[in-house]
Amino acid sequence: MSNPRRMITLGIETSCDETAAALLDGPSVLASEIYTQQTHAAYGGVVPEMASRAHLKKIGVVCRAVYDRAGIRPQQTDLVAVTDSPGLAGALLVGIGFGLGMHTGYGMPITGVNHLDGHIHSALLEHPDLSPPFLSLVVSGGHTALYAVRNMGRYECLGKTVDDAAGEAFDKVGKLLGFSYPAGRAIEEEAARARPGGGLKFPIARLSTSGPGFSFSGLKTAVRYFIQSKGAAYVNDHRPEICHAFQEAVVGSLLLNSRTAAGQTGIGRIAVVGGVACNGRLRRAFGDAFGANAIFPSPNYCTDNAAMIARAGFECFKRNELRRPSMDPVGGI
Ligand code: KG4
Ligand code: ZN
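Every chain's residues receive numbers from 1 upward, in the order its sequence appears when written. Chains carry letters from A onward and ligands carry numbers from 1 onward, assigned in written order. Restriction of local features to residues with pLDDT of at least 70 applies here, the model being predicted, together with a cutoff of 80 or more for giving and counting side-chain atom pairs; totals for whole chains, interfaces and linings are based on all residues. Just so you know, side-chain values use all the structure's heavy atoms and leave hydrogens and water out.

Engineer: Explain the packing of aromatic side chains to me, please; I cannot follow it from the model alone.
Structural biologist: Any aromatic ring pair is given by two values, namely how distant the centres are and how the planes are angled relative to each other. Classification of ring pairs rests on two measures: the distance between centres of Phe, Tyr or Trp rings, Trp counted by its six-membered ring, which must be within 6.5 Å, and the angle between planes, read as stacked under 30 degrees, edge-to-face over 60 and tilted in between. This structure, assessed with the given rule, holds seven aromatic pairs. Ring geometry for Phe-202 and Phe-226: centres 5.6 Å apart, planes at 85 degrees, overall edge-to-face. With a gap of 24 residues between them, Phe-202 in the loop between α5 (184–191) and α6 (217–230) and Phe-226 in helix α6 connect regions that are remote in the sequence. Throughout this description, buried means an accessible area under 20% of the type-specific maximum (1.4 Å probe, protein chains only), exposed means over 50%, and partly exposed covers the range between. Residue Phe-202 is classed as buried on the basis of its relative accessible area of 10%. Between Phe-214 and Phe-216 the ring centres are 6.3 Å apart and the planes differ by 20 degrees, which places this aromatic pair in the stacked class. When its relative accessible area of 1% is taken as the criterion, Phe-216 is described as buried. By way of ring pairs, the aromatic residues Phe-202, Phe-226 and Tyr-234 are connected into one cluster. Strands are runs of DSSP state E lasting at least 2 residues, helices are runs of H or I lasting at least 4, and numbering of each runs from the N terminus.

Given below as structure tokens:
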């Protein structure tokens, strides 16, 4: 029996410091490649110009790798889906330019994908039966927001951070404690070494709105003042306890707001996506609170990747809502 007609989608992601490509057959991932740029660690954050140049070096490499891995030729691609917002302008342009080159050269359709829409779709990659309604908590280095997903592609933003993103707070506190960028995983590992019963606590911001809302810059400042007041010797001896208390505050805020959103909307299922969703403490806390109704992608699909972009593009194709990529560094959903 011959195979049914395939629908091959190429996903491209270059919005920040990951150069990523993925191939999907329908909703299923055939191959996914992620190159994480290492050059930024020395600077404590992503340097936009260096990111663009590194994307330019690697975009062809990661795309070639997914075609080789899947045993497919580029001209067999049915759709190109590329992140066009939000992100670093020069970084986005590399991916968009490459995608438009495929579209112009081979003639397949192309669509722009919002990066946050991609993260929301990452929950579907390993949970193909997941369907709206569900809540989506997007927690990454650049974004922290809660959405009610009543239809794929149509989101109600229930609340977002008024200042820093959760991942940004991990990275900034990590810098204060001497970890290199990005610091999320290092803080989690350090927190796991904390001696029990220390009693150290940092405040969770409760915004004076009736619905969900996040703020992490006060927490970062509280950690900074705490470190300054205690001095280097104390910090050296208590780094795990400081990491633990900080992580508890972030997880506490994310959980509190998610519970508020579930109560407000009556939606009991939640997908937690974005780089911070790699965090084991966060996963356990949501698992305890929401049980099997808490859904997490595997870590490779939490951090920036192109499979989620291809998945979002494939949904646009099914809804007949393809749109020409249009670079927008600040475009939200
Ligand atoms: O989704 P992502 O790859 O990029 C953005 O779209 O921003 O997320 C990167 C963020 C970084 O801030 C990083 O420190 C954080 O995710 N992160 C973590 C962990 N792994 C990555 N934060 C806490 N715990 C982790 N295990
Ligand atoms: Zn992201």
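Now, onward.
Engineer: How do you make sense of the domain arrangement of the protein when you look at a structure like this?
Structural biologist: According to the domain assignment, the protein contains domain 1 (8–120 + 304–318) and domain 2 (132–268). Domain start and stop positions are those given by an automatic or database domain assignment. Just the C-alpha atoms count here: the centres of domain 1 and domain 2 sit 28 Å apart. Throughout, a residue-residue contact means that at least one pair of heavy atoms, one from each residue, lies within 4.5 Å. Between domain 1 and domain 2, the residue contacts involve eleven residues of the former and nine residues of the latter. In short, buried area is how much 1.4 Å probe accessible area vanishes from two parts on joining, totalled over both. Buried area between domain 1 and domain 2, summed over both chains or domains, comes out near 970 Å², and the portion from carbon and sulfur atoms is 72%. Whenever a carboxyl oxygen of Asp or Glu lies within 4 Å of a side-chain nitrogen of Lys or Arg, that contact is scored as a salt bridge. Counting across the domain 1 and domain 2 interface gives zero salt bridges. Under this grouping Gly is polar, as are all residues other than the nonpolar Ala, Val, Leu, Ile, Met, Phe, Trp, Tyr, Cys and Pro and the charged Asp, Glu, Lys and Arg. Split into classes, the residues belonging to the side of domain 1 that touches domain 2 amount to six nonpolar, three polar and two charged.

Engineer: Sorry if this is basic, but what is going on with the site of ligand 1 here?
Structural biologist: Near ligand 1 there are 21 residues, and of these Gly-141, Asp-171, Glu-188, Gly-275 and Asp-304 occur at the shortest range. Asp-171 is positioned with one of its side-chain polar atoms (N or O) 2.7 Å from an oxygen atom of ligand 1. Separating an oxygen atom of ligand 1 from a backbone N or O atom of Gly-184 is a distance of 3.1 Å. What sets the accessible areas is the Shrake-Rupley method with a 1.4 Å probe; for residues, cover comes only from the shown protein chains. When isolated, ligand 1 has an accessible area of 560 Å², and the protein chains bury 89% of it. Mapped onto the shell around ligand 1, the elements with two or more residues apiece are α3 (115–125), α4 (166–176) and α5. Of the residues contributing to the shell around ligand 1, the split by class is six nonpolar, eleven polar and four charged. Taken domain by domain, the shell around ligand 1 gets at least three of its residues from each of domain 1 (8–120 + 304–318) and domain 2 (132–268). Nearness of a residue to a molecule or strand requires only that one of the residue's heavy atoms be within 4 Å of it. Each polar contact in these results corresponds to two N or O atoms within 3.5 Å; when the atoms are within protein, one needs to be able to donate a hydrogen and the other to accept it, and residues that are neighboring in sequence are counted only if both atoms are side-chain atoms.

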